[in-house]
Each structure stands twice: as structure tokens, then as C-alpha cells.
Amino acid sequence: MKLPTSACLKCGDRLDAVTATHDGDIPEPGDITICLRCGHQMALTRGLRLRELTKRERRNQANNQWTKFVEQQRRIIMEKHKH
Ligand SMILES: [Zn+2]
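Ligation of the zinc ion by protein atoms is provided by Cys8 (SG), Cys11 (SG), Cys35 (SG) and Cys38 (SG), these donors lying 2.3 Å from the ion. Around the zinc ion, the four donor atoms sit at angles spanning 108 to 112°, and that spread fits a shape best called tetrahedral. Sequence spacing of the donor residues for the zinc ion, all on one chain, is C-x2-C-x23-C-x2-C. What makes cysteine 8 buried here is its relative accessible area of 4%.

Looking now at the sheet that holds strand E5 (residues 50-52). In a beta sheet, neighbouring strands are held together by backbone hydrogen bonds and run either parallel or antiparallel to one another. The strand order across the open sheet built from three strands is E3-E4-E5, with neighbouring strands paired in antiparallel fashion. Both outer strands of the open sheet, strand E3 (32-34) and E5, are each paired with one neighbouring strand and no more. Going from strand to strand, the sheet's axes swing by 50° on average, the running direction of each strand aside. Sheet analysis places E3 next to strand E4 (residues 41-44), joined by three bridges and oriented antiparallel. Along E4, the bridge assignment pairs isoleucine 34 with glutamine 41.

A full pass over the atoms with the stated rule returns four salt bridges. With its nearest N and O atoms 3.1 Å apart, the salt bridge here joins arginine 37 to aspartate 13. With arginine 37 in the loop between E3 and E4 and aspartate 13 in the loop between strand E1 (2-7) and strand E2 (14-17), this pair connects stretches of sequence that are 24 residues apart. With relative accessibility at 25%, the residue aspartate 13 sits in the partly exposed group. Of the charged contacts, one joins glutamate 71 and arginine 74 as a salt bridge, the two residues approaching to 3.0 Å between their closest N and O atoms. Of this pair, glutamate 71 and arginine 74 both sit in helix H2 (residues 65-81), three residues apart, roughly one helical turn. What makes arginine 74 buried here is its relative accessible area of 10%. In this structure, a network of salt bridges that share partners links the residues Glu71, Arg74 and Arg75.

Turning to the environment of isoleucine 77, a few remarks are in order. Of note, isoleucine 77 is situated in helix H2. The exposure class assigned to isoleucine 77 is partly exposed, which follows from its relative accessible area of 33%. Distance from isoleucine 77 to leucine 36, taken between C-alpha atoms, is 8.2 Å for residues 41 residues apart in sequence.

Here glutamine 41 is to be found in strand E4. A relative accessible area of 18% means that glutamine 41 is categorised as buried. Filtering out sequence-adjacent residues up to four positions away, glutamine 41 remains in contact with Ile32, Thr33, Ile34, Glu52, Leu53, Gln61 and Thr67.

Thresholds applied
Residues numbered from 1 in each chain as written. Predicted model: local features only at pLDDT ≥ 70, side-chain atom pairs only at ≥ 80, totals over all residues. Heavy atoms only, no water. Donors = N, O, S within 2.8 Å, 3.2 Å for Na, K, Ca; no water. Tetrahedral: all angles 85-135°; square planar, octahedral: opposite > 155°, others 65-115°. Buried < 20%, exposed > 50% of the residue type's maximum accessible area, 1.4 Å probe, protein only. Pairing = 2+ DSSP bridges. Helix = DSSP H or I, 4+ residues; strand = E, 2+ residues; numbered from the N terminus. Axes fitted to C-alpha atoms, helices over the stretch in contact; angles between N-to-C directions. Salt bridge = Lys/Arg side-chain N within 4 Å of Asp/Glu carboxyl O. Contact = heavy atoms within 4.5 Å.

And the structure:
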């Protein structure tokens, strides 16, 4: 899923794709995205740019099964990219 190019707010890595929470979903403001490189979680603004999570969102994400799944996938992807 393509997005306007943004940089990770933490590590500065370029982010131009987002993993949809459910198949077929299109990115919407408020969706959570995770930096592949450092795992930093960010939310989408109305312009589909990145912003930091609010305290409330962060708390919700901490117990979110999807977040755990994505973090697991992220580690697998990063393992494959290691040489
Ligand atoms: Zn990052």
C-alpha cells in the first residue's frame, strides 16, 4: 500500500508503505503503522503523514494482538535482510 513518502519519526528511515490491519483495507487517518527498521509505532494523519501515537493509542497498542503479530513479522523480515 503506497503512501506519501514520510520518514520514520524515530530513526528517519524512509517509509512509503503501510501494512493494512485487515485484508483489503486502505490506509486511513488514525491507522497505526510500524517502521520496519526500528519498530517504532506511528499513526497516520489526515494527509496520511506520520505522527506520534497519543498516550491513549500507545496504551491500546500495547495489548493489541495485531501489534504483536506485526512486530513478529517485522523481525522475520529483518532477519531475511541480514547478510
Ligand atoms: Zn524507524
